[in-house]
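Each chain is listed here by its residues.
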Amino acid sequence: MLIFQPMSDELYSVRMHAERAGAHLCGAERLVSADRIEETAAVLVRRALVHPRGCAEGLRLAVDRVDPASVVRGRLPAVTTLQVSDFSTGRALAAELLAKAGVSSAAAVFAIHCLARGAAPDGRSMRGAMLVGATSGRRLEPDAARGVRVTRMDLSPQAEERLRADLAACGLDRPQVREALVLAAKVLAAPGVVAELCWSDDPDYTTGYVASADLGYVRLTELKPAGDERGGRVFFVDEARVDLAALIAFLEHQVFLADAVGAVYPPREPR
Ligand code: PML
């Protein structure tokens, strides 16, 4: 039994990782005050039990106290949604957006190809993200099967309330959007990251996004065919100035709390 004796301003990182058939099924996490640990753990466990790809067969839950002084605070990027008719159009648009963000065409094409065919060596999705040189298109993550896992991030309760209202006004208040947005905010705050490309490995979820400091978080409604379980994340890095060890340490361990939100624009057709 876990017994916590919390101080009032303390935060706890609550993280869940579930497996099925020997492979990663899903993961989720929150940063919460002590009085919300129990309900948060129950919500995360339930999520693993009712996952669209089946009920979890194994599940790990971790709860760790976070030193409030160590938390990096940041702002969510603005959200734009571009409605595209099919995944080929979505991927072509993603490549254009990545070019605007400073990613070479070779790197963008390579990254899209990797996510489409399954970026892990066995052709499945990776649990973590790929790191790709924004100019060379070289893969830089130390372990191509594991990738780099972004953890220990969340929204403050005030930012969450504001974000949910703004997303709801555009018909977008879903956990997938909220969680990906927080993750993108942390990734864009990481030293040396130029842009991110993501689409889900959930077979029912075809929307993905490109994010960069200047573009914000640009959702593309179709980035893969429905039913496809292959997806993942690519972080494009500036090879000339990135310190890979520092970047990976930030992404995997630095606690990040978004306490301000950006604008949320209604879905529209691309111009
Ligand atoms: C969104 O609709 O904005 C979220 C897209 C990415 C979802 C990523 C995931 O579910 O793993």
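The sections below set out a description of the structure shown in this document. Keep in mind it's a predicted model, so treat the numbers as computed, not measured.

## Re the overall build of the protein
Logical step 1: A tally of regular secondary structure across the protein gives 6 helices and 12 strands.
Logical step 2: Taken over the C-alpha trace, the protein has a radius of gyration of 18 Å; the compact-globule value for 271 residues is 18 Å, and the two agree within 12%.
Logical step 3: Across its three principal axes, the protein shows a C-alpha extent of roughly 55 × 40 × 40 Å.
Logical step 4: Within the protein, buried positions represent 51% of all 271 residues.
Logical step 5: Counted over contacts in the protein with a minimum sequence separation of 6, partners at least 24 positions apart contribute 72%.
Logical step 6: Accessible area for the protein stands at about 12,600 Å²; split by element, carbon and sulfur atoms hold 52% of it.
Logical step 7: When the 33 basic and 35 acidic side-chain charges of the protein are each reduced to a single mean position, those positions are 2 Å apart.

## Thoughts on the packing of helix H4 (residues 157-169) against helix H5 (residues 175-188)
Logical step 1: Where H4 contacts H5, the two axes come as close as 11 Å, and the packing angle between them is 125 degrees. Taken together, the axes of H4 and H5 are oblique relative to one another. Handedness of the crossing formed by H4 with H5: right-handed. Taken together, the residues of H5 that come into contact with H4 (itself represented by Glu160, Leu163, Arg164 and Leu167) are Val177, Arg178 and Leu181.
Logical step 2: Partitioning the contact of H4 with H5 into residue classes produces 4 nonpolar, no polar and 3 charged.

## Observations concerning the site of the ligand
Logical step 1: Every residue near the ligand is listed here: Gln176, Val177, Ala180, Cys198, Ser200, Tyr205, Thr207, Tyr209, Tyr217, Arg219 and Arg233.
Logical step 2: Between the ligand and Tyr205, the relevant distance is 2.5 Å, taken from an oxygen atom to a side-chain nitrogen or oxygen of the residue.
Logical step 3: One of the side-chain nitrogen or oxygen atoms of Tyr217 is found 2.6 Å away from an oxygen atom of the ligand.
Logical step 4: Taken by itself the ligand offers 330 Å² of open surface, and the protein chains cover 87% of this.
Logical step 5: At the level of secondary structure, the elements contributing two or more residues to the shell around the ligand comprise H5 and strand S10 (216-220).
Logical step 6: Top contributing element to the shell around the ligand by residue count: H5, with 3 residues.
Logical step 7: By residue class, the composition of the shell around the ligand is 6 nonpolar, 3 polar and 2 charged.

## Thoughts on H5
Logical step 1: Taking 1.5 Å per residue as the helical rise, H5 with its 14 residues ought to reach 20 Å, and the 20 Å between its terminal C-alpha atoms agrees with that figure.
Logical step 2: For H5, the buried fraction is high: 10 of the 14 residues fall into the buried class.
Logical step 3: For H5, the full list of buried residues reads Val177, Arg178, Ala180, Leu181, Val182, Leu183, Ala184, Ala185, Lys186 and Val187.

## Regarding the environment of His253
Logical step 1: Structurally, the position occupied by His253 is in helix H6 (residues 244-253).
Logical step 2: Between the C-alpha atom of His253 and that of Arg60, which follows or precedes it by 193 residues, the distance is 18 Å.
Logical step 3: In this structure His253 touches Arg152 and Lys186, once residues within four positions along its chain are discounted.

## With respect to the pattern of salt bridges
Logical step 1: If you walk through the whole model with that rule in mind, you get 18 salt bridges.
Logical step 2: Between Asp64 and Arg15 there is a salt bridge, and its shortest N-O distance comes to 2.9 Å. Of the two residues, Asp64 sits in strand S3 (residues 58-66) while Arg15 sits in strand S1 (residues 11-20), which places them 49 residues apart along the sequence.
Logical step 3: For Arg15, a relative accessible area of 16% corresponds to the buried category.
Logical step 4: In this structure, Glu19 engages Arg60 in a salt bridge whose closest nitrogen and oxygen atoms are separated by 3.3 Å. Of the two residues, Glu19 sits in strand S1 while Arg60 sits in strand S3, which places them 41 residues apart along the sequence.
Logical step 5: By relative accessible area, which is 46% here, Arg60 ends up partly exposed.

How each quantity is defined
Residues numbered from 1 in each chain as written. Predicted model: local features only at pLDDT ≥ 70, side-chain atom pairs only at ≥ 80, totals over all residues. Heavy atoms only, no water. Helix = DSSP H or I, 4+ residues; strand = E, 2+ residues; numbered from the N terminus. Rg over C-alpha atoms; globule rule 2.2 N^0.38 Å. Buried < 20%, exposed > 50% of the residue type's maximum accessible area, 1.4 Å probe, protein only. Contact = heavy atoms within 4.5 Å. Areas by Shrake-Rupley, 256 points an atom, 1.4 Å probe, with all protein chains shown as cover. Lys, Arg positive; Asp, Glu negative; His and termini not counted. Charge placed at Lys NZ, Arg CZ, Asp CG, Glu CD. Axes fitted to C-alpha atoms, helices over the stretch in contact; angles between N-to-C directions. Parallel < 35°, antiparallel > 145°, perpendicular 65-115°, else oblique. Left-handed = near helix turned anticlockwise from the far one by under 90°. Nonpolar A, V, L, I, M, F, W, Y, C, P; charged D, E, K, R; others polar. Near = heavy atom within 4 Å. Polar contact = N/O pair within 3.5 Å; in protein donor to acceptor, adjacent residues only side chain to side chain. Expected span 1.5 Å × (residues − 1). Salt bridge = Lys/Arg side-chain N within 4 Å of Asp/Glu carboxyl O.

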